[in-house]
There are 4 protein chains.
Amino acid sequence: MDQLQLLGICGSLRRGSYNRMLLRTVIEMLPSEIAVETAEIGDIPLYNADLDTVDPPAPVRRLRAQIASADGLLIASPEYNYSVPGGLKNAIDWASRPANNSVLNRKPIAIMGTAGGRFGSVRAQLTWRQVFLFTESYVMLKPELIVPNAAQVFDDNGILENKSLREFIQTYVDAVDDWMTRHKNSRTSK
Amino acid sequence: MDQLQLLGICGSLRRGSYNRMLLRTVIEMLPSEIAVETAEIGDIPLYNADLDTVDPPAPVRRLRAQIASADGLLIASPEYNYSVPGGLKNAIDWASRPANNSVLNRKPIAIMGTAGGRFGSVRAQLTWRQVFLFTESYVMLKPELIVPNAAQVFDDNGILENKSLREFIQTYVDAVDDWMTRHKNSRTSK
Amino acid sequence: MDQLQLLGICGSLRRGSYNRMLLRTVIEMLPSEIAVETAEIGDIPLYNADLDTVDPPAPVRRLRAQIASADGLLIASPEYNYSVPGGLKNAIDWASRPANNSVLNRKPIAIMGTAGGRFGSVRAQLTWRQVFLFTESYVMLKPELIVPNAAQVFDDNGILENKSLREFIQTYVDAVDDWMTRHKNSRTSK
Amino acid sequence: MDQLQLLGICGSLRRGSYNRMLLRTVIEMLPSEIAVETAEIGDIPLYNADLDTVDPPAPVRRLRAQIASADGLLIASPEYNYSVPGGLKNAIDWASRPANNSVLNRKPIAIMGTAGGRFGSVRAQLTWRQVFLFTESYVMLKPELIVPNAAQVFDDNGILENKSLREFIQTYVDAVDDWMTRHKNSRTSK
């Protein structure tokens, strides 16, 4: 009835994405009564203000509708060049319009990320928080889910086996549940 | 003979882009012996590591070749959501590969930007500097060209008339000339 | 009875500080039933972990007690070198200890700032948000109070007369009231 | 004759500072013909513009003189609250004055840092780069010396024994030598 509906977005487009594995791991550990859909960003065209009309491209309409109907977002982001990946940023640029009244406004968001190196997307995640300040989204503060050395963390089937890391992710998942529940009606109660 | 060859890249795709007007203004004020080409980023697909092979998509090959043959880059960037625009970040993500040995390595770069609001891209420019730290590019420090209130700055023909702003841009242009000349062979002399 | 108790902190130590004028302006515009105290940071020693014992220096004990008993913080910060001022950062470094269980944990905070230049502390404010992510403080998102050209904004008596700016500050003040009320018990309800 | 003269600054004040150990390690590995002095920041008062006159406090005069006479700076910085430590930022705030003509202007700088956690000061180092953009200092780009898990890296005598880490630091030291030599006269040649 008032179960949470979340939307998962993965910022990496490659087939064997570690971030998609991480997102899937989080989703599987969420309480079963939370419904989760995922959004695809690979067919969204590059943002062009000339196309940002009342009738934007279909993949943009789809993404905006998915965000609008979700109680909160789960965003799994790789880090490219010490910052946010261009493709996912492009999707968020589209979703962020019209400014100050977008579907991202007061939307609860939980960020996560993994990377091959030892810093695991820490810089990208900080940049995302700056992005979602503009959109006035409610990004969960703690815990932060930053997973270094992705290649050692997931097995060939994309399963994360490490026990202590799973325990940490359980803490994260519990916080997500709490955060999303607490903030899901923030916009309408504005 | 050893005249500078620069490459201009505009991060906005819309037809009437103020950043393209700013880039054009800078290019026109450069000494006439400096050759400037421009790169288009609108047809570059979203970055996908599965496509980042020895034979990447044609628009990516074109961009990388243009950057490789330029002595330095002039990048005009709008600010989207307090950060870099996704489309331009996507182009740079492609150009940045392979990591540590990309065409951006030790490439001199001058950043500029304008925006409709009162902060004129200051946040996006800081994020770009973080991006180009990863690529080990030589980004000019000062002066910073940050132009607020774009709609008041350019006339209907895209001409920037304001005298004191033109004088400031002249200072910027002189510094660009000096910076690019000083750093253009940084990579080969590694 | 359950009236809000706020603590104002000014990050500039000079006598004629514009940030202190801005903080005073905000405080005067708050509803009269909100009680506001101010904290002094000028006598706080430089942070040294060897002094960060169960019995820290007296000015540190005072600051921590003031923060602990406040429902929320109003922080007025200048920008030094595109970032947070060292003196105020030093005070916050002391307040942030012990990590994960400090008086800043889940404390609601509203940031504001002014500066002589045209960017009015925008960069410092972004850095503060990163700082308060570590402490898991609830920093108000919007509106952001960023006041450029401080010397033109305040008259010789430190009064801010500009009507439209006062109206904007009223919006900010209303949002502060709402934010502090909404989040003031976040820690105990953890 | 034209041997390099460097100034080392440690941003942590505690006696057993890991950052001081890291700074010492780097200094010991520098070529013996490079002279290195160190600066103390613990007695520098909090920045106050009212004291920033032609006759500033003695510890400030000392720091500015040390920076002025050095060919370059080695800065070892801990990370406090995901950002620069207030005490060291305070020292740099003093050194950065007068704006646009300070002793930091066009001064070559190499940053390093270590921390107890797994991210080893990566966020603080990014903030320092933003700070030194304002001062127009030439901060070395690569390699970045970021040392996580400090407690495991240094033995009881403060010695860093790990062989592969020492090899990496040798690469860093070679790059410092090259960078400082290349940029040491940047200001006078302005």
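Since this is a predicted model, take the numbers as computed values, not measurements.

Visitor: How should the overall build of chain A be read in this particular structure?
Guide: Tallying secondary structure elements over chain A gives 6 helices and 6 strands in all. Going residue by residue from the N terminus, the α and β elements of chain A occur as β-α-β-α-β-α-β-α-β-β-α-α. Radius of gyration (C-alpha) of chain A: 16 Å, near the 16 Å computed for a compact globule of 190 residues. Dimensions of chain A, computed from the C-alpha atoms along their principal axes, are close to 50 × 40 × 25 Å. For chain A, the residues scored as buried account for 62% of the 190 residues in total. Contacts spanning at least 24 positions in sequence make up 79% of the contacts within chain A whose residues lie at least 6 apart. Carbon and sulfur atoms make up 49% of the accessible area of chain A, which totals about 7500 Å². For chain A, the distance from the average site of its 21 positive side-chain charges to the average site of its 21 negative ones is 5 Å.

Visitor: Would you mind going over the relation of the copies chain B and chain A with me for this structure?
Guide: A rotation about some axis, followed by a shift along it, carries one copy of the chain onto the other. For these two chains of identical sequence, chain B goes onto chain A by a turn of 180° and a shift of 0.0 Å along the axis, with RMSD 0.0 Å. Seen this way, the second copy is the image of the first under a two-fold rotation axis. Distance from the rotation axis, computed per C-alpha, reaches its smallest value in chain B at G86 of chain B: 2.2 Å. Residue by residue, 100% of the interface of chain B is reproduced at the interface of chain A, so both copies engage with the same surface.

Visitor: Looking at this structure, I do not really get the packing of helix 3 (residues 86-95) of chain A against helix 4 (residues 122-134) of chain A. What am I missing?
Guide: Helices that pack against each other are described as a pair by the angle of their axes relative to one another and the distance between those axes. Residues and elements named next belong to chain A. Running from N to C, helix 3 and helix 4 point in directions that differ by 10°, and their axes come no closer than 12 Å. Considering the angle they form, helix 3 stands roughly parallel to helix 4. Here L88, K89 and I92 of helix 3 lie close against helix 4, whose contacting residues are W128, V131 and F132. Split into classes, the residues belonging to the contact of helix 3 with helix 4 amount to 5 nonpolar, no polar and 1 charged.

Visitor: Explanation requested: unusual backbone geometry in the structure shown.
Guide: Excluding glycine, most residues fall at negative phi; most peptide bonds, likewise, are trans. For the bond from R97 of chain A to P98 of chain A, the omega torsion is 0°, close enough to zero to count as cis. Relative to the elements of secondary structure, P98 of chain A occurs in the loop between helix 3 and strand 4 (108-114). Here the residue pair K142 of chain C and P143 of chain C is connected by a cis peptide bond, since its omega of -5° sits within 30 degrees of zero. With respect to the secondary-structure elements, P143 of chain C resides in the loop between strand 5 (138-139) and strand 6 (145-147). Phi at N100 of chain C takes a positive value of approximately 70°, unusual for a residue other than glycine. Mapped onto the secondary structure, N100 of chain C falls in the loop between helix 3 (86-95) and strand 4 (108-114).

Visitor: Explanation requested: the interface of chain B and chain A in the structure shown.
Guide: The parts lose accessible area when they come together, and the size of an interface is often stated as this lost area. With 31 residues of chain B at the contact, the number on the chain A side is 31 residues. It is L46, N81 and Y82 of chain B that lose the most area in chain B upon contact with chain A, and together they represent 29% of the buried surface on that side. Summed over the shared surface of chain B and chain A, the number is 0 salt bridges. Counting across the chain B and chain A interface gives 16 residue pairs in polar contact (both at pLDDT 80 or more). Among the secondary structure elements, those contributing two or more residues to the side of chain B that touches chain A are helix 3 (86-95) and helix 4 (122-134) of chain B.

Visitor: Hey, could you run me through the relation of the copies chain C and chain B in this one?
Guide: The two copies are related by a screw motion: chain C maps onto chain B through a turn of 180° and a shift of 0.0 Å along the axis, at an RMSD of 0.0 Å. A shared interface surface links the copies, since 100% of the contact residues of chain C are contact residues in chain B too.

Visitor: Where do I start with the pattern of salt bridges in this structure?
Guide: Any two side chains of opposite charge can pair, given that their charged atoms come close. Taken as a whole and assessed by the stated rule, the structure comprises 36 salt bridges over all chains. Note that R106 of chain A and E136 of chain A form a salt bridge whose closest N and O atoms lie 3.2 Å from each other. Placement of R106 of chain A in the loop between helix 3 and strand 4 and of E136 of chain A in the loop between helix 4 and strand 5 (138-139) is noted, with a sequence separation of 30 residues between them. Judged by relative accessible area, which is 13%, R106 of chain A ranks as buried. On the accessibility criterion, E136 of chain A (10% relative accessible area) is buried. A salt bridge links D43 of chain D to R62 of chain D, with the nearest nitrogen and oxygen atoms 2.9 Å apart. A residue pair is termed long-range when its members are at least 10 positions apart, and D43 of chain D in the loop between strand 2 (35-39) and helix 2 (58-69) and R62 of chain D in helix 2 qualify at 19 residues.

Visitor: I'm lost on the packing of aromatic side chains in this one. Help?
Guide: Geometry of an aromatic ring pair is reported as the spacing of the ring centres plus the angle between the planes. Scanning the entire structure with this criterion turns up 26 aromatic pairs over all chains. By way of ring pairs, the aromatic residues Y47 and W94 of chain A together with Y80 of chain B are connected into one cluster. Above the plane of the ring of F134 of chain D lies K142 of chain B, whose end atom (NZ or CZ) is 4.9 Å from the centre.

Visitor: Help me out: how do you make sense of the pairing of strand 4 (residues 108-114) of chain B in this one?
Guide: Along any regular strand, the residues point their side chains to alternate faces of the sheet. Residues and elements named next belong to chain B. Of all 7 residues making up strand 4, 7 are buried, and the element is well covered by its neighbours. Burial of strand 4 is two-sided: the residues P108, A110, M112 and T114 facing one way and the residues I109, I111 and G113 facing the other way are all buried. For strand 3 (residues 72-76) and strand 4, the ladder comprises 4 bridges, and the chain directions are parallel. Residue pairing across strands places I75 opposite I111, the latter belonging to strand 4.

Visitor: Is there a simple way to explain the environment of I34 of chain B in this structure?
Guide: All names here are of chain B. Considering the arrangement of structural elements, one finds I34 in the loop between helix 1 (18-29) and strand 2 (35-39). Looking at I34, the relative accessible area reads 10%, which means it is buried. Taking the C-alpha atoms as reference, I34 lies 9.8 Å from D2; in sequence the two are 32 residues apart.

Visitor: Looking at this structure, how should I read the interface of chain C and chain B?
Guide: Counting residues at the interface gives 10 residues for chain C, matched by 10 residues for chain B. Of all residues in chain C, Y82, R118 and F119 of chain C give up the largest surface area on contact with chain B, accounting jointly for 44% of the area buried on that side. At the junction of chain C and chain B, the tally comes to 4 residue pairs in polar contact (both at pLDDT 80 or more). When residues in the side of chain C that touches chain B are grouped by element, the largest group, 3 residues, is from helix 4 (residues 122-134) of chain C. Of the residues that constitute the side of chain C that touches chain B, the class distribution is 6 nonpolar, no polar and 4 charged.

Cut-off values and rules
- All residue numbers here refer to positions counted from 1 along the written sequence of the relevant chain.
- In the order they appear in the text, chains get letters beginning with A and ligands get numbers beginning with 1.
- This being a predicted model, a pLDDT of at least 70 is required before a residue's local features are given, and a value of 80 or more before pairs of side-chain atoms are given or counted; all residues contribute to the totals for chains, interfaces and linings.
- As a rule here, side-chain values cover all heavy atoms of the structure and leave hydrogens and water aside.
- Under the scheme used here, helices are H or I runs from DSSP no shorter than 4 residues and strands are E runs no shorter than 2 residues, and both carry numbers assigned from the N terminus.
- As a reference, a globule follows 2.2 Å times the number of residues to the power 0.38, and the radius of gyration itself is taken over C-alpha atoms.
- Burial here depends on accessible area, computed with a 1.4 Å probe over protein chains only, as a share of the maximum for the residue type. Under 20% is buried, over 50% is exposed, and the range in between is partly exposed.
- Throughout, a residue-residue contact means that at least one pair of heavy atoms, one from each residue, lies within 4.5 Å.
- To measure how exposed things are, a 1.4 Å probe is used in the Shrake-Rupley method; for residues, cover is taken only from the protein chains shown.
- Residues scored as positive are Lys and Arg, those scored as negative are Asp and Glu, and His as well as the terminal groups of each chain are ignored.
- Throughout, a charge is located at the NZ atom of Lys, the CZ atom of Arg, the CG atom of Asp or the CD atom of Glu.
- To superpose the copies, least squares is applied to the C-alpha atoms of every residue with a pLDDT of at least 70 in both.
- With axes taken as lines fitted to C-alpha atoms, and helix axes fitted only over the stretch in contact, angles between N-to-C directions fall between 0 and 180 degrees.
- Throughout this description, any angle smaller than 35 degrees is read as roughly parallel, any larger than 145 degrees as roughly antiparallel, any in the 65 to 115 degree range as roughly perpendicular, and the remainder as oblique.
- Note that Gly is not counted as nonpolar here; it falls among the polar residues with everything else outside the nonpolar set of Ala, Val, Leu, Ile, Met, Phe, Trp, Tyr, Cys and Pro and the charged set of Asp, Glu, Lys and Arg.
- Here the quantity called buried area is the total loss of accessible area, with a 1.4 Å probe, experienced by two parts when brought into contact, counted for both.
- A carboxyl oxygen of Asp or Glu within 4 Å of a side-chain nitrogen of Lys or Arg is what we treat as a salt bridge.
- Side-chain atoms alone can form a polar contact between residues adjacent in sequence; in general such a contact is a pair of N or O atoms within 3.5 Å, and within protein one must be able to donate a hydrogen while the other accepts it.
- We call Phe, Tyr and Trp rings a pair once their centres come within 6.5 Å, taking the six-membered ring for Trp, and we label the pair stacked below 30 degrees between planes, edge-to-face above 60, and tilted otherwise.
- Put simply, a charge is over a ring when the Lys NZ or the Arg CZ is close to the ring centre, within 6 Å, and near the line of the ring normal, within 35 degrees.
- Only strands joined by at least two bridges in the DSSP assignment are considered to pair.

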